[in-house]
Amino acid sequence: MIQKRNILFVLFLCGLTIFGASAERHKKIGLVLSGGGALGYAHIGAIQALEEHDIYPEYIAGTSMGAIIGALYADGIKPAEMLKLIQDRKMDKTIGLIDSYKGFADLGLSTHDAVKTLFSELMPHNNFDSLKLHYYTCVTNLDEGIYKIVGHGDNLKEYVAASASIPGVFSVEVIDGVQYVDGGVLNNIPSQAIRNKCDILIGVDVVPYIPKLELKNIRDVLTRTVRAAQHQNSINGRKMCDYLVESDAIRNYNGGQFNKYLEIYQYGYKTMMDYIKAHPEMVATCKRDKK
């Protein structure tokens, strides 16, 4: 009897060891995606590269274009499907993202109804908690002058649209009587949304600040000013990332070149592949079998 008990005890300890090793291997991975207009298409390439290395984030956070791509991914839409959506929905043209509007919207040049229509068709539940992955988006609350993180409840499409509502370009999004615009105004890398929910956080910044670029015209001055502000409001979010990947697409393209989505996608893919190659510990730590 004593011998049987000893055997059972040893088996019990082995079971605990195996369970502990399994639990240790399965770390919760988070992915935060910055805003950046058309440069945000690099996120699709980055996600493709992650999946090719068996890295599957469970927690997603995003701002602006990062919010749109992040929500699609959180609902189970794969990178190849996203590229097809861009083609089918003419998202390779600015008009594919903004609603055709006869005249001006009251508080912007266009509404964001095109994005909301797309999400209504793809995600009729319109609910954060019905997504396949944990998803959070960042919006700017103009009534209080603060950013807000949203990750539960209804109004998914409205909050995603609000997160991507560039001030002056898209109309203000009013949700429950509160006025919201692009989350990138105050927080372009909202790591705060998921840092305490995941073990490892991967960040993708498609608008990293490149110092000492030559200014050639007024547009360059305005763009650099916006980028400087975005960089400042992203510092905390960037510091929270265990791995921070900066897309190189910004060196050759800008946030308005939606027609260059394939090239920008390739930049995102190559940048992530190069980063993974330079950081093999990232795969060793994050790799897991897909559920």
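Residues numbered from 1 in each chain as written. Predicted model: local features only at pLDDT ≥ 70, side-chain atom pairs only at ≥ 80, totals over all residues. Heavy atoms only, no water.

Side note on the confidence of the model for the chain
Here is the rule we go by: On a scale of 0 to 100, pLDDT captures the predictor's confidence in every residue. Pairs of residues are marked as contacts when any of their non-hydrogen atoms sit within 4.5 Å.
For the chain, mean pLDDT is 87; residues scoring 70 or higher make up 83% of the total. Predicted confidence is poor over residues 7-13, with pLDDT under 50, and the contacts of this stretch with residues over four places away or in other chains come to zero contacts. A low-confidence stretch, residues 16-23 stays under pLDDT 50, and its non-local contacts, those more than four residues away or across chains, total zero contacts.

Some thoughts on the pattern of salt bridges
A side chain of one charge can pair with a side chain of the opposite charge when the charged atoms of the two come close. Keep this limit in mind: Whenever a carboxyl oxygen of Asp or Glu lies within 4 Å of a side-chain nitrogen of Lys or Arg, that contact is scored as a salt bridge. Helix and strand definitions here come from DSSP, where helices need a minimum of 4 consecutive H or I residues and strands a minimum of 2 consecutive E residues; each element is numbered from the N-terminal end. For every residue, the accessible area obtained with a 1.4 Å probe (protein chains only) is divided by the maximum for its type, and the residue is called buried under 20%, exposed over 50%, and partly exposed between those limits.
Under the counting rule described, the total for this entry stands at nine salt bridges. Across the pair lysine 116 and glutamate 173 runs a salt bridge whose closest N-O atoms are separated by 2.9 Å. Separated by 57 residues along the polypeptide, lysine 116 in helix H6 (residues 113-122) and glutamate 173 in strand S7 (residues 173-175) bring together distant segments of the chain. Accessibility assignment for this pair places lysine 116 and glutamate 173 in one class, buried. The salt bridge partner of arginine 195 is aspartate 242, with a shortest N-O separation of 2.9 Å. Here aspartate 242 lies in the loop between helix H8 (218-239) and strand S10 (243-246) and arginine 195 lies in the loop between strand S8 (178-182) and strand S9 (200-205), a separation of 47 residues in the sequence. By relative accessible area, aspartate 242 is classed as partly exposed at 41%. Among the charged side chains, a network of salt bridges with common partners joins Asp205, Arg238 and Glu246.

Regarding the pairing of S10
Selection rule: Pairing between strands is defined by DSSP: at least two bridges between them are needed. Handedness rule for crossovers: strands pointing away from the viewer, path from the first strand over the helix to the second running clockwise, crossover right-handed.
Residues Tyr243 and Val245 line the buried face of S10, whereas the alternating positions Leu244 and Glu246 sit on a face that is not buried. Relative to S10, S9 is paired through four bridges, and the arrangement is parallel. For aspartate 205, the partnering residue across the bridge sits in S10 and is glutamate 246. What joins S9 to S10 is H8, and the crossover it makes is right-handed.

Focus: H6
What counts is decided by this rule: Throughout, the arc means that of the directions going from the helix axis to the C-beta atoms.
Of the positions making up H6, those classed as buried are Val115, Lys116, Leu118 and Phe119. Along the axis of H6, the buried positions cluster into a sector of 160°, meaning they face one direction only.

Regarding the nonpolar core
Our working rule: In this description, a nonpolar core means a group of buried Ala, Val, Leu, Ile, Met, Phe, Trp, Tyr and Cys residues linked to one another through side-chain atoms lying within 4.5 Å.
Judged by nonpolar contacts, the single largest core of 66 residues is most densely connected at Tyr41, Tyr135, Ile202, Met272 and Met282. In contact with tyrosine 135, other than residues within four places in its own chain, are Ile60, Ala67, Gly70, Ala71, Ala74, Phe128, Val150, Gly151, Leu156 and Val160. Judged by nonpolar contacts, the second largest core, of ten residues, contains Tyr59, Ala61, Ile194 and Cys198.

Details of H8
This is how the line gets drawn: A helix is expected to reach a length of 1.5 Å times the quantity of its residues less one. To get the bend at any residue, fit one axis to the seven residues that end at it and another to the seven that begin at it, then take the angle between the two axes. Here a polar contact means two N or O atoms within 3.5 Å. Within protein one must be a hydrogen donor candidate and the other an acceptor candidate, and residues neighboring in sequence count only if both atoms are side-chain atoms.
Taking 1.5 Å per residue as the helical rise, H8 with its 22 residues ought to reach 32 Å, and the 32 Å between its terminal C-alpha atoms agrees with that figure. Roughly 40° is the biggest bend found in H8, and it falls at asparagine 233. Of all the residues in H8, the buried ones are Arg224, Arg227, Gln230, Asn233, Ser234, Gly237 and Arg238. The secondary structure elements touched by the buried residues of H8 are S9 and S10. Put simply, asparagine 217 is the residue that caps the front of H8, since its side-chain oxygen is 3.1 Å from the backbone nitrogen of arginine 219.

A few points about the environment of aspartate 129
One can find aspartate 129 in the loop between H6 and strand S4 (134-141). Taking the relative accessible area as the measure of exposure, aspartate 129 reaches 46% and is therefore partly exposed. At 2.8 Å, the side chain of aspartate 129 and the side chain of histidine 152 are in polar contact. A polar atom in the side chain of aspartate 129 sits 2.9 Å from the backbone nitrogen of glycine 153.

Re the packing of aromatic side chains
Which entries qualify depends on this criterion: Centres within 6.5 Å make a pair out of two Phe, Tyr or Trp rings, where for Trp the six-membered ring is used; the pair is then stacked when the planes are under 30 degrees apart, edge-to-face when over 60, and tilted otherwise.
The final tally for this structure, using the stated rule, is seven aromatic pairs. A ring pair is formed by phenylalanine 128 and tyrosine 159, whose centres lie 6.3 Å apart and whose planes are at 55°; its orientation type is tilted. Placement of phenylalanine 128 in the loop between H6 and S4 and of tyrosine 159 in helix H7 (residues 156-163) is noted, with a sequence separation of 31 residues between them. Owing to a relative accessible area of 6%, tyrosine 159 belongs among the buried residues under this scheme. Following the ring pairs from residue to residue traces out a cluster consisting of Phe128, Tyr135, Tyr159 and Tyr180.

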